[in-house]
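Residue-level listing of the chains:
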Amino acid sequence: MKIVFMGTPDFAVPCLEALIQDGNTIAAVFTQPDKPKGRGYRLEPPPVKVCAEAHQIPVYQLTTLKDGTALAVLQELAPDMIVVVAYGKILPKDILTLPPYGCINVHASLLPAYRGAAPIQWVILDGRKETGVTAMLMDVGLDTGDMLMKASLTIGENETAEELHDRLAALGAELIVQTVHAAAEGRLQPEKQDDSQSCYAAMLTKELSPIDFTKTAQQVHDKVRGLNSWPSASAVLNGKRLKIHRTIITEGHGEPGQVLSLQPFVVACGEGAVEIIEVQPEGKKKMSAQSYLNGLHGLSADELRFS
């Protein structure tokens, strides 16, 4: 099938690679403009652009899809289908109705749950045990189009959002290939979403970071997992902010935020306790909790407290 692919970040790359390996003709790739990164603000290309150029696929990095330029390019390319994976731009109606097989989006949740920008993180923050990917026929709404195919997986009890991201990206790659085959063979049966079952996965902000140790150990653990690797869960220990990247749930009782032991590094929650595995002090790199504690020069558990 002749496909135009629209995507930007790492999550989209396995889908593009899978469509190429499956023998489809990728007529072009649309992706976001290069962005300045790092201390020197050097322009860096999006991961999808890097992948496309490695396969010698034409790349378009338009700042808008609404001025007619994108439509003219797509009319010239005449794709059978447009595949959209984490592109980051809203497609206008004249583009949505252009390809004969429609515009198909791969979304990282089991729709209609977790529409929006951060479904991978929020499914963990909310303590869900299962998630997946959905191939959907796009419409003018935000993740509201008819569902085409789904694939699900179980979330590990200590799995972080970053780890889940990679597994869902691979699952999405499998699903888009299956969806393209089903479309070509006329086997797709679009299913309307039940809006009453939907929930919105809002974009993450740094305001979500502070840990409330009056919450249960499970809730604290889910926050640490869900905000890994950005914006990261954090807490204030003896007046200094500490990012907490990994925890596990353990036994323990005490006042919320009380350090119960240092080996292992256990902190009491409103119900139960968590063991802190990996941290990042301000201005420093990630390190094991024990490496961090070794730098505190022999302070005892009684001398430490989260606030």
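1. Some details on the pairing of strand E13 (residues 240-250)
Stage number 1. As judged from the five bridges shared by strand E12 (residues 233-237) and E13, these two strands associate in the antiparallel manner. When the sheet's bridge partners are listed, Ala233 is paired in E13 with Ile244.
Stage number 2. In this antiparallel pair of consecutive strands, E12 and E13, the connection spans two residues, and Asn238 shows a positive phi of 50°.
Stage number 3. Relative to strand E16 (residues 273-281), E13 is paired through eight bridges, and the arrangement is antiparallel. Along E16, the bridge assignment pairs Thr250 with Ala273.

2. Points about the side chain of Thr160
Stage number 1. You can see Thr160 is positioned in the loop between strand E10 (146-154) and helix H6 (161-184).
Stage number 2. Given a relative accessible area of 2%, Thr160 falls into the buried group.
Stage number 3. Not counting chain neighbours up to four residues away, the residues in contact with Thr160 comprise Ile124, Arg225, Asn228 and Arg246.

3. Overview of the sheet that holds strand E1 (residues 2-7)
Stage number 1. A sheet is described by the order of its strands in space; here seven strands give the open sequence E5-E2-E1-E6-E7-E9-E10, paired in mixed fashion. Each end of this open sheet is capped by a strand with a single partner; those strands are strand E5 (59-60) and E10.
Stage number 2. Pairing of E1 with strand E2 (residues 25-30) involves five bridges; the strand directions are parallel. Note that in E2 the partner of Val4 across the bridge is Ala28.
Stage number 3. Across the sheet, H6 touches E1, strand E6 (81-85), strand E7 (103-107), strand E9 (130-137) and E10, and the angle it forms with E10 is around 140°.

Reading guide: rules and limits
- Residues numbered from 1 in each chain as written.
- Predicted model: local features only at pLDDT ≥ 70, side-chain atom pairs only at ≥ 80, totals over all residues.
- Heavy atoms only, no water.
- Pairing = 2+ DSSP bridges.
- Helix = DSSP H or I, 4+ residues; strand = E, 2+ residues; numbered from the N terminus.
- Buried < 20%, exposed > 50% of the residue type's maximum accessible area, 1.4 Å probe, protein only.
- Contact = heavy atoms within 4.5 Å.
- Axes fitted to C-alpha atoms, helices over the stretch in contact; angles between N-to-C directions.

In short, the description is geometric, and any link to function would need to be established separately.
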